[in-house]
There are 2 protein chains.
Amino acid sequence: MFESAELGHKIDKQTYAREEPGLRAALLDAQFELAQAGKFPVLILIGGVDGAGKGETVNLLNEWMDPRHIQTRAFGDASDEESERPPMWRFWRELPPRGKIGILFGSWYTAPIVDRVIGRTDDKDLQQSLDEIVRFERMLRDERVLLLKFWFHLGKKQQKNRLRELEKDPRTRWRVTKLDWQRFKIYDQFREISSHALRETSTADAPWTVVEGLDPRYRSLTVGKVLLEAMRERLAAHNSKQASVKAPPLPKTDNLGLLRNLDLTQKLARPKYKKDLEKWQGRLNLLSREKKYFRKRSLVLVFEGADAAGKGGAIRRITAAIDARHYQIIPVAAPTEEERAQPYLWRFWRHAPRRGRITIFDRSWYGRVLVERVEGFCDVADWMRAYSEINDFEEQLVDNGAIVCKFWLQTSRAEQLKRFKLREKTSFKHFKITPEDWRNRENWNAYEQAVCDMIDRTSTEIAPWFVIEAEDKYFGRIKILRTIVEQMGQVL
Amino acid sequence: MFESAELGHKIDKQTYAREEPGLRAALLDAQFELAQAGKFPVLILIGGVDGAGKGETVNLLNEWMDPRHIQTRAFGDASDEESERPPMWRFWRELPPRGKIGILFGSWYTAPIVDRVIGRTDDKDLQQSLDEIVRFERMLRDERVLLLKFWFHLGKKQQKNRLRELEKDPRTRWRVTKLDWQRFKIYDQFREISSHALRETSTADAPWTVVEGLDPRYRSLTVGKVLLEAMRERLAAHNSKQASVKAPPLPKTDNLGLLRNLDLTQKLARPKYKKDLEKWQGRLNLLSREKKYFRKRSLVLVFEGADAAGKGGAIRRITAAIDARHYQIIPVAAPTEEERAQPYLWRFWRHAPRRGRITIFDRSWYGRVLVERVEGFCDVADWMRAYSEINDFEEQLVDNGAIVCKFWLQTSRAEQLKRFKLREKTSFKHFKITPEDWRNRENWNAYEQAVCDMIDRTSTEIAPWFVIEAEDKYFGRIKILRTIVEQMGQVL
């Protein structure tokens, strides 16, 4: 991986002086075009060994281009708001929106590599992290993020010389810390493991560019040219308006039984409901106050279901049992402008709960494989890939201590009609029925297919789907409450 | 303040049973209308003594209305991201957008009252905090926030009985902690100081409603009715489309000299510029690395100036001197959808820097008193009140350790024309000139007046304006760099 970055590449002064002004102007032009088009962001990762010119290069990029449209972020220790959420949360929150350039100094590679070098993890852990990274970066690619990864390298001798050099000069002495020398001692392990990590994650879509860090002129021109070429290529591709990639259609499944075989006749009489409600709300209340265990965990509830299936009512029976200070309901509607400028899952990541909290999603990230799929609001390829992206997202929530319960509320088509009509009559519920609801109703079969696919593809052991027979509201609500209590009890 | 809340108010069961369903339906209707109109948010503050039913009431409001459109936030200890910013930052980030209801459990009153009770502050500090609160709440009113403040009260004996009662019942025992009894010991001081605080902040626009907390039925109906009436009244006022309040015009000033008397002929020859640039950039670099001092402070730079006055060029000369990991540039353009749903300053508060960081605003919150004033993008009353709101905002930044430098870059009208024409010719600068720039140029005199007013009204000792003669770019840039270094040196 590093062989050709130890050859002593050099660019002489004249060549640099000749090439730099043109490169600079071209980069500025490309940045302008990027902002004007506003169709994709550029994300630049900077990694590598100390003293190899990472900081200098980042500063230079900010100097060459318009720094007002570059977001440079360095990742030091996590803040407490960050450390109480899945590790990727801090990177998600710093993704540049479309039209902008983001430079990440340190990235999702830092922890996996460093943890392995100092022996905090083993080879299997590292491999798992790298697999996750590959999937994450594939998602970025699919979301049209232009991802560029630069690794600044120095041979062992070169690094030693470089650190000594910096130490000698009073103007640069501050840059060499004890930590740098400590890290130098484990140069060989660091080299071996990062070489492995780079190889595993150097995919066709997001290859690493290893830059020899010895000669400032060489590394500057190298990074500048790679960046320029990648931006130009993508801008040209964008202008030529490629046909969108068509994913193969899903094989026709006969799993409709999943919904159709439900016993929707199940009922609960009012007196029994009242009694059960008190019982399960009481238990939920107790569990939600289990400070000792719950402060290391969080609860994520996802509610999906056809219109008028009773999501709102079910949610109110849950919130009635818990303290308003501990939960947060996220009603998912159309994305805002800021959300539309980001990868699809960004608007859900921003609500990822801290430990000890409860977050209830009234509709969720599953919109992509339900309404967006059925109504054709996104490309086929987009909802096809959403299944695995969603699984990855939920896995990260669970790894961080979240208990994730997902509910699909099912009624019959006839019952839906009854409720629609009833609602149109009842005064204080009138807000729940819109022309869109009537339209969605027309697509009942398409939704049924989408729901079955969704459950098949995203009901995992760690984040299962619970299909709720919601024809009878009482029955549905109690089943939901009981399920939550059981899931929490199982984990806490 | 608390006299009539110690009378033992009670509502009997029948009355409650008769009134509750209607109140509930009406609240839900009002909430719906609020969401539909989307014109203002409702902000409910909950304060008072322990055991007086604060939590129960908040839960009840969530039960009565649609909890999906209520944001309940409790404020415990500040997170590190919060504690490194001005104290009000955590409240700003939780303000509900238009159309939503926000309930704050604990608020900007908590710290001033508690700090005074335990003797961490004196009467003068308290008074200052209360004054600031009054100004802050006036801003909320002017931003069309419907603010409702509820204080839950219990007499001393009543509180004692209440805590004992809660302790006896195994189902509520968990709610009484040692802290509650500790606080009970200082009941008298707490009563005295909160009574004073409430009186001082019970303004015509945002009066306190003191609720006797003894009887759950009484307190529930009281809060529900006050909330309902306030929402209805505001919704009606909104529907009747009142004429917007006209503020008195500013007295004609003759302070135009402020800009016109500038000596725009000041110049710097290139060799001297080169030398000076190196000198001041070097000093700025050193200062930005003064970890020991700077980690308790932050630097906020504000750049305003006519189009083509050289803001971008000046900013680049600053960023070239500091590490890209330490600064962030916020180019201020039109507000996003999420920003438009909030009070004006919200979109700047969200970028308030943590300690140790440098934030550079390329255009800023002064847009309101410049472009928005001149172009008539906001009401007269809105930009009139902006001066003092801005002063309050900057004072909070400075109190939190920020060094705030504001630059107005001035050129002559002729020089602007020259630069416009030059830019239209030069390839990689073409992005800087838009039809809007030409339009703004037509309003030169109106802008001049606005700038003079702005400087007069917002150049404070703690956050001064520096007017920069920017006719000669070299001269302007050096003056800016020198000013920053001087300001930092003075403070660090």
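Just above, that's the structure.
As the structure is a prediction and not an experimental result, all values here were calculated from the model.

A. Up close: the sheet that holds strand S7 (residues 327-331) of chain B. All names here are of chain B. Across the sheet, which stays open at both edges, the 5 strands sit in the order S7-S8-S6-S9-S10 with parallel pairing between neighbours. Of all strands in the sheet, those with a lone pairing partner are S7 and strand S10 (465-469), marking the two edges. When strand polarity is set aside, the average angle formed by the axes of neighbouring strands in this sheet is 20 degrees. When S7 meets strand S8 (residues 358-362), the two strands line up parallel, connected through 5 bridges. Residue pairing in the sheet places Pro331 in a bridge with Asp362 of S8.

B. Broad picture of the side chain of Glu448 of chain B. The topology assignment puts Glu448 of chain B in helix H21 (residues 444-458). In terms of polar contacts, Glu448 of chain B uses its side chain to reach the side chain of Arg260 of chain B, at 2.7 Å.

C. Empty space enclosed by the protein, seen in detail. Residues and elements named next belong to chain B. By the definition in use, this model includes 4 cavities of 30 Å³ or more. Taken as a whole, the largest cavity encloses approximately 60 Å³ of empty space. Lining the largest cavity, in full, are Ala309, Gly310, Ala314, Leu409, Ala470, Lys473, Gly476, Arg477 and Ile480. In terms of residues, the lining of the largest cavity owes the most to one element, helix H22 (residues 473-491), which gives 4 residues. Classifying every residue of the lining of the largest cavity gives 5 nonpolar, 2 polar and 2 charged.

D. Summary view of the environment of Arg385 of chain B. Residues and elements named next belong to chain B. Looking at where Arg385 falls in the secondary structure, it is placed in helix H18 (residues 380-399). The spacing of Arg385 and Leu286 is 99 residues in sequence and 39 Å in space, taken between C-alpha atoms. Excluding residues that lie within four positions of it along the chain, Arg385 makes contacts with Met139, Asp142, Glu143, Arg144 and Arg368.

E. Quick look at the relation of the copies chain B and chain A. Least-squares fitting of chain B to chain A yields an RMSD of 0.0 Å, with the transformation described by 0.0 Å of translation along the axis and a rotation of 180 degrees. Seen this way, the second copy is the image of the first under a two-fold rotation axis. Of the residues that chain B buries at the interface, 98% are likewise interface residues in chain A, meaning the two copies contact each other through the same surface.

F. Quick peek at the sheet that holds strand S3 (residues 101-105) of chain B. Residue and element names in this part refer to chain B. Spatial strand order, S2-S3-S1-S4-S5: 5 strands in an open sheet with parallel pairing. The two strands at the open ends of the sheet, each matched to only one other strand, are strand S2 (70-74) and strand S5 (208-212). Neighbour-to-neighbour, the strand axes of the sheet open up by a mean angle of 20 degrees, direction not taken into account. Relative to the sheet, helix H2 (residues 54-64) contacts strand S1 (42-48), S2, S3 and strand S4 (146-153), its axis offset from that of S3 by approximately 165 degrees.

G. Up close: the pairing of strand S9 (residues 402-410) of chain B. All names here are of chain B. Burial within S9 is extensive, with 9 of its 9 residues counted as buried. Residues Ala402, Val404, Lys406, Trp408 and Gln410 point to one face of S9 and Ile403, Cys405, Phe407 and Leu409 to the other, with burial holding for every one of them. Sheet topology note: the strand S6 (residues 298-305)/S9 ladder contains 8 bridges and is parallel. Paired with Gly305 across the two strands is Leu409, which belongs to S9.

H. Quick look at the pattern of salt bridges. Residues and elements named next belong to chain B. Counted according to the given criterion, the structure contains 83 salt bridges over all chains. The closest approach of N and O atoms between Asp276 and Lys272, which form a salt bridge, is 3.0 Å. Of this pair, Asp276 and Lys272 both sit in helix H12 (residues 270-288), 4 residues apart, roughly one helical turn. On the basis of relative accessible area, Lys272 is assigned to the partly exposed category, the value being 46%. In the salt-bridge network here, residues are joined through shared partners; they are Arg141, Asp142, Glu143, Arg144, Asp205, Arg368, Glu372, Asp379, Asp382, Arg385 and Glu389.

I. Just the packing of aromatic side chains, in detail. Residues and elements named next belong to chain B. Across all of its chains, the model carries 43 aromatic pairs over all chains by this definition. Pairing Tyr366 with Trp465 gives two aromatic rings, centres 4.8 Å apart and planes at 65 degrees, and the pair type is edge-to-face. One end of the pair, Tyr366, is in the loop between S8 and helix H17 (371-375); the other, Trp465, is in strand S10, with 99 residues separating them in the sequence. For the residue pair Tyr366 and Trp465, the accessibility class agrees, reading buried in each case. Directly above the aromatic system of Phe40 lies the positively charged group of Arg234, at a separation of 5.1 Å from the ring centroid.

J. The environment of Leu492 of chain A, seen in detail. Residue and element names in this part refer to chain A. Mapped onto the fold, Leu492 is located in the segment after helix H22 (473-491). For Leu492, a relative accessible area of 23% gives the class partly exposed. Between the C-alpha atom of Leu492 and that of Lys292, which follows or precedes it by 200 residues, the distance is 9.4 Å. Residue contacts for Leu492: discarding those within four places in its chain leaves Leu287, Glu290, Tyr293, Phe294, Arg297 and Ile403.

K. The arrangement of the pairing of strand S2 (residues 70-74) of chain A in detail. Residues and elements named next belong to chain A. Of all the 5 residues making up S2, 4 are buried; the element is thus mostly covered by neighbouring parts of the structure. Sheet topology note: the S2/strand S3 (residues 101-105) ladder contains 5 bridges and is parallel. Bridged to Gln71 within S3 is Gly102.

L. Layout of the nonpolar core. Counting 141 residues, the largest nonpolar core has Phe303, Ile318 and Phe407 of chain A together with Val42, Trp108 and Trp365 of chain B as the members making the most contacts within it. Sort the elements by how many residues they give to this core and helix H10 (residues 216-239) of chain B lands first, with 8 residues. Ignoring sequence-local partners within four residues, the contact set of Val42 of chain B consists of Leu34, Pro96, Lys100, Ile101, Gly102, Leu146, Leu148, Leu227 and Met231 of chain B. Formed by 139 residues, the second largest nonpolar core is a distinct cluster that contains Val145, Met231, Trp383 and Ala450 of chain A.

M. Expanded view of the packing of H12 of chain B against H22 of chain B. All names here are of chain B. Where H12 contacts H22, the two axes come as close as 9 Å, and the packing angle between them is 25 degrees. Relative to H22, H12 is oriented roughly parallel. Considering only the axes of H12 and H22, their crossing is left-handed. Contact residues: Arg270, Tyr273, Asp276, Leu277, Trp280, Gln281, Arg283, Leu284, Leu287 and Ser288 in H12; Tyr474, Arg477, Ile478, Leu481, Arg482, Ile484, Val485, Met488 and Gly489 in H22.

N. Examining the state of the cysteines more closely. Residue and element names in this part refer to chain B. Applying the stated rule across the entire model yields 0 disulfides over all chains. With no disulfide partner, Cys378 has as its closest neighbouring cysteine sulfur the one in Cys452, 19 Å distant. Residue classification places Cys378 among the buried positions, given a relative accessible area of 12%.

O. Expanded view of the interface of chain B and chain A. Across the contact, 53 residues belong to chain B and 52 residues belong to chain A. For the chain B and chain A pair, buried surface summed over both sides reaches about 4,400 Å², with 54% attributable to carbon and sulfur atoms. Our enumeration of links across chain B and chain A arrives at 8 salt bridges. As a salt-bridge pair, Arg68 of chain A and Asp362 of chain B come within 2.4 Å of each other at their nearest N and O atoms. Between chain B and chain A we count 14 residue pairs in polar contact (both at pLDDT 80 or more) in total. Broken down by secondary-structure element, the contributors of at least two residues to the side of chain B that touches chain A are helix H1 (13-37), H2, S2, helix H3 (80-83), helix H14 (311-319), S7 and helix H15 (337-340) of chain B.

P. Focus on the packing of H1 of chain B against H2 of chain B. All names here are of chain B. Between H1 and H2, the shortest axis-to-axis distance is 9 Å and the interhelical angle comes to 65 degrees. In this view, H1 runs roughly perpendicular relative to H2, as classed from their interaxial angle. Packed against H1, whose contacting residues are Tyr16, Glu20, Leu23, Arg24, Leu27 and Leu28, the element H2 presents Leu60, Glu63 and Trp64 at the interface. Tallied by class, the residues present in the contact of H1 with H2 amount to 6 nonpolar, no polar and 3 charged.

Q. Summary view of the environment of Asn59 of chain A. In this fold, Asn59 of chain A is placed in helix H2 (residues 54-64). Residues Asn59 of chain A and Leu34 of chain A lie 25 residues apart in sequence; the distance between their C-alpha atoms is 20 Å.

Thresholds applied
Residues numbered from 1 in each chain as written. Chains lettered and ligands numbered in written order. Predicted model: local features only at pLDDT ≥ 70, side-chain atom pairs only at ≥ 80, totals over all residues. Heavy atoms only, no water. Pairing = 2+ DSSP bridges. Helix = DSSP H or I, 4+ residues; strand = E, 2+ residues; numbered from the N terminus. Axes fitted to C-alpha atoms, helices over the stretch in contact; angles between N-to-C directions. Polar contact = N/O pair within 3.5 Å; in protein donor to acceptor, adjacent residues only side chain to side chain. 1 Å grid on protein atoms, 1.4 Å probe; cavity = no way out; pocket = protein on both sides within 12 Å on 5 of 7 lines; lining within 4 Å. Points joined across faces, edges and corners; volume = space filled by probe spheres on them. Nonpolar A, V, L, I, M, F, W, Y, C, P; charged D, E, K, R; others polar. Contact = heavy atoms within 4.5 Å. Least-squares fit on C-alpha atoms with pLDDT ≥ 70 in both. Buried < 20%, exposed > 50% of the residue type's maximum accessible area, 1.4 Å probe, protein only. Salt bridge = Lys/Arg side-chain N within 4 Å of Asp/Glu carboxyl O. Phe/Tyr/Trp six-rings, centres within 6.5 Å; stacked < 30°, edge-to-face > 60°. Lys NZ or Arg CZ within 6 Å of the ring centre and 35° of its normal. Core = buried A, V, L, I, M, F, W, Y, C linked by side-chain atoms within 4.5 Å. Parallel < 35°, antiparallel > 145°, perpendicular 65-115°, else oblique. Left-handed = near helix turned anticlockwise from the far one by under 90°. Disulfide = S-S within 2.5 Å. Buried area = accessible area lost by both parts, 1.4 Å probe.

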